[in-house]
Amino acid sequence: MASRLSGVPEERKQAIARATCRAIIEQGLHRVNLRDIARALGTTTGPLQHYFRSKEELLLYTKNLLIDELLQNARDAGFRHSGLARLRLVCERLLPFTEPARSAWLVLAAFNGRAIGDEELTAIQISRYTKCRKFFEEEIVLAKDEGVLDPSIDVVLEAIALASFVDGLAVHMLFLSRAESKRAKQLLVQRYLERNLAVLRAKERLNSR
């Protein structure tokens, strides 16, 4: 038990959050409780209650951790790339094509359905979509400043549209075969960017030479 909760407090909170993810995937968000999470962690509910005042606070922390990690992984994928290549890579990295990303999206999808009629979960959802939209706004501005997007596009609206596309595709991919997921990842993101973001393809090709 001590080894599972070793490290500094933030590392312990993250270990609890990862156990929360495992419990949600196994039990479902609507059924999971602190005992289930403690069992997934291999401990009692005491450590959970030490770091989190309530189940809702733990769920909010868990969801924020998943989103932050997905977005950071996407930024890392785009590092040292620019233009359309960067935008495509960050979108693709967000998709559930690895086991960690798939687990994260399973949990995030569980929040989607459960939030309806629940004010606290709805608030969590709003914070999630706000953070993701801001992420896409930043990426679109970068591409726009690099001259690969139509300068007249509305960054806010396009960020909402792109976030919605990636979110919907990610959830859909949870139920596709691996071969279908791979094909979707390879073709659909590129197609979306070229068809819907007014990509200046001639200039992009010129910049890539």
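Residues numbered from 1 in each chain as written. Predicted model: local features only at pLDDT ≥ 70, side-chain atom pairs only at ≥ 80, totals over all residues. Heavy atoms only, no water.

### With respect to the overall build of the protein chain
Helices and strands together make up the secondary structure of the protein chain, namely ten helices and zero strands. From first element to last, N terminus to C terminus, the protein chain shows the α and β order α-α-α-α-α-α-α-α-α-α. Each of the three principal axes of the protein chain carries a C-alpha extent, and together these read 60 × 35 × 30 Å. When the 209 residues of the protein chain are sorted by exposure, 41% land in the buried category. Summarising the internal contacts of the protein chain: among those between residues at least 6 apart in sequence, 67% fall at separations of at least 24. (Helix = DSSP H or I, 4+ residues; strand = E, 2+ residues; numbered from the N terminus. Buried < 20%, exposed > 50% of the residue type's maximum accessible area, 1.4 Å probe, protein only. Contact = heavy atoms within 4.5 Å.)

### What to know about the state of the cysteines
Applying the stated criterion across every chain, the model contains zero disulfides. Cys21 carries a free sulfur, and the closest cysteine sulfur to it, the one in Cys132, is 15 Å from it. Residue Cys21 is classed as buried on the basis of its relative accessible area, which comes to 10%. Cysteine Cys91 shares no disulfide, and the gap to the nearest cysteine sulfur, in Cys132, comes to 11 Å. (Disulfide = S-S within 2.5 Å.)

### Topic: helix H2 (residues 34–41)
The complete set of buried residues in H2 reads Asp36, Ile37, Ala38 and Leu41. As for H2, its buried residues are in contact with helix H1 (9–27), helix H3 (45–51) and helix H4 (55–78). Regarding H2, its N-cap is Asn33, as a side-chain oxygen of that residue lies 3.0 Å from the backbone nitrogen of Arg35 further along. Downstream of H2 by a residue or two, Gly42 has a phi angle that is positive, lying close to 80°. (Polar contact = N/O pair within 3.5 Å; in protein donor to acceptor, adjacent residues only side chain to side chain.)

### Here's the deal with the nonpolar core
In terms of nonpolar packing, the biggest core is built from 62 residues, with Leu94, Phe136, Leu162, Val166 and Leu193 touching the most fellow members. In contact with Leu94, not counting residues within four places along its chain, are Leu70, Leu71, Ala74, Trp105, Phe135, Phe136 and Val166. (Core = buried A, V, L, I, M, F, W, Y, C linked by side-chain atoms within 4.5 Å.)

### Quick word on the pattern of salt bridges
Evaluated as defined, the whole model comprises nine salt bridges. Lys131 is the partner of Asp68 in a salt bridge, and the nearest nitrogen-oxygen pair spans 2.9 Å. With a gap of 63 residues between them, Asp68 in helix H4 and Lys131 in helix H7 (residues 119–145) connect regions that are remote in the sequence. Salt-bridge contacts for Arg88 lead to Glu92; the nearest nitrogen and oxygen are separated by 3.3 Å. (Salt bridge = Lys/Arg side-chain N within 4 Å of Asp/Glu carboxyl O.)

### Some thoughts on the packing of helix H5 (residues 83–94) against H7
Close contact between H5 and H7 brings their axes to 10 Å; oriented N to C, the two are set at 160°. Regarding the angle of H5 to H7, the classification is roughly antiparallel. Where H5 abuts H7, its residues Arg86, Leu87, Val90, Cys91 and Leu94 lie against Phe135, Phe136, Glu139, Leu142 and Ala143. Looking at the contact of H5 with H7, its residues break down into eight nonpolar, no polar and two charged. (Axes fitted to C-alpha atoms, helices over the stretch in contact; angles between N-to-C directions. Parallel < 35°, antiparallel > 145°, perpendicular 65-115°, else oblique. Nonpolar A, V, L, I, M, F, W, Y, C, P; charged D, E, K, R; others polar.)

### Some points on helix H6 (residues 99–114)
Its 16 residues place the ends of H6 23 Å apart at the C-alpha level, agreeing with the 22 Å of an ideal helix rising 1.5 Å per residue. The inward-facing, buried residues of H6 abut H1, H4, H5, H7 and helix H8 (155–173). (Expected span 1.5 Å × (residues − 1).)

### Let's talk about a nonpolar patch on the surface
A grouping of Val156, Leu157 and Ile160 is seen on the molecular surface, where their side chains present a nonpolar patch of about 250 Å² in accessible area. Note that Leu157 resides in helix H8. You can call Leu157 exposed: its relative accessible area is 54%. (Patch = residues over 30% accessible without salt bridge, like charges linked within 9 Å, V, L, I, M, F, W, Y side chains within 5 Å. Areas by Shrake-Rupley, 256 points an atom, 1.4 Å probe, with all protein chains shown as cover.)

Treat this as a map of the structure, not an account of what it does.
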